[in-house]
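# Overview (structure and organization)
The lines below spell out each chain.
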Amino acid sequence: MRIGIPAETSAGEKRVATVPDVVEKLIKLGFTVSIQSGAGEAANFSDDTYRAAGATIVDSAAKLWAESDIVFKVSVPTKEEVGLMREGGHLIGFIWPAQNPELMQQLAAKKATVLAIDCLPRILSRAQKMDALSSQAGVAGYRAVIEAANVFDRFFSGQITAAGKVPPAKVFIAGAGVAGLAAISTAAGLGAIVRANDTRAEVADQVKSLGGEFVKVEYEEEGGGGGGYAKVMSEGFQQAQRNMYAKQAKEVDIIITTALIPGKPAPRLITAEMVRSMKPGSVIVDMAAERGGNCELTEPGQAVVKHGVTIVGYTDLNSRLAKQSSSLYATNLFRLTEELCKAKDGIVNVNMDDDAIRGLTVIKNGELTWPAPAPKLPAAKPVAAKPFVAPAAHGHGGGGAPVSAGKMAAIFGVAALLFLLVGAYAPAAFLGHFTVFVLACFIGYMVVWNVTPALHTPLMSVTNAISSIIAIGALVQVAPPLGFGLGRPDGWIRWLAVVGIALTAVNMFGGFAVTRRMLSMFRK
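Owing to the predicted nature of the structure, the values given are computational and were not obtained by experimental measurement. (Residues numbered from 1 in each chain as written. Predicted model: local features only at pLDDT ≥ 70, side-chain atom pairs only at ≥ 80, totals over all residues. Heavy atoms only, no water.)

## Points about the overall build of the chain
- Along its length, the chain carries 16 helices and 17 strands.
- For the chain, with 524 residues in total, the buried portion stands at 40%.
- Long-range pairs, those at least 24 residues apart, make up 61% of the contacts in the chain with a sequence separation of at least 6.
- When the accessible surface of the chain is summed, it comes to about 28,300 Å², and 62% of that surface belongs to carbon and sulfur atoms. (Helix = DSSP H or I, 4+ residues; strand = E, 2+ residues; numbered from the N terminus. Buried < 20%, exposed > 50% of the residue type's maximum accessible area, 1.4 Å probe, protein only. Contact = heavy atoms within 4.5 Å. Areas by Shrake-Rupley, 256 points an atom, 1.4 Å probe, with all protein chains shown as cover.)

Structure follows, in structure tokens:
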């Protein structure tokens, strides 16, 4: 089957649905790929790079739509583009079926099979690799901070210079979804003091982990709406939230709003009165401008100055990072194509028994299949009831059956007898060393045995210290005047010391290597 990539016709749209690196991967799946000439120019992908990757360059949109079995798109197709589509073809891209009922009817009349990437069931963990909404929101969140920095007239980070002290900028981010978290990470990376709020209390830890401070609304209500989105909150919560926003507006330098619920107008979070209360030179970046905006004074598509505050309402944040956005989006579509073509024979199979594919499919062979039923989540495994076992009144704390008094007495009796025999025939100096050795083994065993398994890796620092002591003792034994002859009594001691040094060195260097790898997991 042939995959076609047309040039995007929406005003200001610079993204392209696939990139040269992904073209090569699609060809390995058995597909042929056609690109409309100039489709990737705005994202800095030339026709030559697509041609080098194995794609065919097509001059006109009409020819590309007519020849393609599958069309990859970014923006919602226009009525004219649907008219160019071949009957019975496949379309994959952003569709927003709830907002575009007429488009759905036009596609159904073409007997098309349409997969709306915006309808992906995000609660499925295996769907994350196909989640274009998240990948694009992350880019937009990053770009929002860059746009704010572009118009803000101070440093983000605090600095102490010969000319004086510069305080860090204070940034407040309304909404800690994917876009909000990306904005938090970017603003914190630039050195700003970052605060954030979200109706979902569970994101507080994520905000803190990225270097932000979570600002809680003084009103108890859970805001999770399912599917990774927030829900519409009660009037009482909204009033408490407005009070908190009003306080933050007076204190911070930059506000970035990300609050948006699919299919609904953007909630108004920042009023004109809040804008007037902000310091001159402050900035608001309204990421919900396309749906009306979270700020009362936002003008979609424009950056305006009102009451001394710059309000950025750009609706093309992703296109302002077109190359990065296109690369991520192309990867999302490639992962979806892998799911559709598991045989790698260049033929797609829209399997409606697959929850992820079923959720994406809004039209199949001309039949409306949207909205999809809720995906069937795996049932929780029943936990088998375990009989209660009373804790032992004595014995080792690590668990296990307690040792009977008779058996314990027998063990100590045998140990005492062996110790007596050693003491009767061994030299006096050996007896002292042997006593220290036995006590060291016993204490070391008890110490390690009682350490929680989760702490075994940090325990390596202790074992390395012990190994160092062993290595020093062994080095003393191999020093002159002892010889290496096995016929001499001291020869055996020296060779044992050499083996001890070798084994201890393995333990020491191996321990440090494992500890180093463990620590590298926590570094950025």
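Additional details are given in the paragraphs that follow.
## Re the packing of aromatic side chains
- Taken as a whole and judged by the stated rule, the model has six aromatic pairs.
- Judged by centre distance (6.1 Å) and plane angle (10 degrees), the rings of F94 and W96 are stacked.
- Given the relative accessible area of 8%, F94 is considered buried.
- Both rings, one in F152 and one in F156, keep their centres 6.1 Å apart while their planes meet at 85 degrees; by these two values the pair is edge-to-face. (Phe/Tyr/Trp six-rings, centres within 6.5 Å; stacked < 30°, edge-to-face > 60°.)

## Remarks on the confidence of the model for the chain
- With 83% of its residues at a pLDDT of 70 or more, the chain shows a mean pLDDT of 86.
- Below a pLDDT of 50 lies the segment residues 390–400, which in the model reaches seven contacts outside its immediate sequence neighbourhood of four places, other chains included. (pLDDT = per-residue confidence, 0-100.)

## Quick look at helix α11 (residues 322–340)
- Helix length check: α11 (19 residues) gives 26 Å between terminal C-alpha atoms against 27 Å at 1.5 Å per residue, within 8%.
- Looking at the buried positions of α11, the neighbouring elements they touch are α1 (20–28), β4 (70–72), β5 (90–93), β6 (113–116), α6 (132–151) and α12 (355–360). (Expected span 1.5 Å × (residues − 1).)

## Things to note about the packing of α1 against α11
- One way to put it is that α1 packs onto α11 with a least axis distance of 10 Å and a crossing angle of 10 degrees. With respect to α11, the element α1 is oriented roughly parallel. Residue-level contacts link V22, K25 and L26 of α1 to A330, T331, F334 and T337 of α11.
- Here the residues of the contact of α1 with α11 are counted per class, giving four nonpolar, two polar and one charged. (Axes fitted to C-alpha atoms, helices over the stretch in contact; angles between N-to-C directions. Parallel < 35°, antiparallel > 145°, perpendicular 65-115°, else oblique. Nonpolar A, V, L, I, M, F, W, Y, C, P; charged D, E, K, R; others polar.)

## A look at the sheet that holds strand β10 (residues 193–197)
- The strand order across the open sheet built from seven strands is β11-β10-β9-β12-β13-β15-β14, with neighbouring strands paired in mixed fashion. Every interior strand has two partners, whereas the edge strands, β11 (213–214) and β14 (303–306), have only one.
- Inspection of the sheet shows strand β13 (residues 283–286) paired to strand β15 (residues 309–312) by three bridges, in the parallel sense. Among the inter-strand pairings, V283 is bridged to a residue of β15, identified as T310.
- α6 rests against β12 (254–257), β13 and β15 of the sheet, and its axis sits at about 150 degrees to β13. (Pairing = 2+ DSSP bridges.)

## Brief notes about the pairing of strand β1 (residues 2–5)
- Bridge analysis of β1 against strand β2 (residues 32–36) gives four bridges, and the strand direction is parallel. Following the sheet pairing, I5 is matched in β2 by I35.
- One crossover worth recording links β1 to the parallel β2 by way of α1, and it is right-handed.
- Relative to β4, β1 runs parallel, the two being bridged by two bridges. The residue of β4 that forms the bridge with I3 is I70. (Right-handed = clockwise from strand over helix to strand, strands pointing away.)

## With respect to the environment of D21
- Examined against the element boundaries, D21 turns out to sit in helix α1.
- Here D21 falls in the exposed class, since its relative accessible area comes to 57%.
- Taking the C-alpha atoms as reference points, D21 and A53, separated by 32 residues in sequence, lie 7.1 Å from one another.

## Observations regarding the nonpolar core
- F72 and L336 are the most contacted members of the largest nonpolar core, which totals 46 residues.
- Those elements that provide at least two residues to this core are β1, α1, β2, α2 (47–53), β4, α6, α11 and α12.
- Ranked by the residues each element gives to this core, the list is headed by α11, at seven residues.
- Dropping the residues within four chain positions of it, F72 is found in contact with I3, G4, I5, P6, A17, L26, I92, L333 and T337.
- Membership of the second largest hydrophobic core comes to 31 residues, among which are A137, V171, A183 and V285. (Core = buried A, V, L, I, M, F, W, Y, C linked by side-chain atoms within 4.5 Å.)

## Let's talk about the pairing of β12
- Burial along β12 is two-sided: the face carrying I254 and I256 and the face carrying I255 and T257 are both buried.
- The pairing of β12 with β13 spans four bridges and is classified as parallel. Residue I255 lies in a different strand from β13, and its bridge partner there is I284.
- Handedness of the β12-helix α10 (residues 272–277)-β13 crossover: right-handed.

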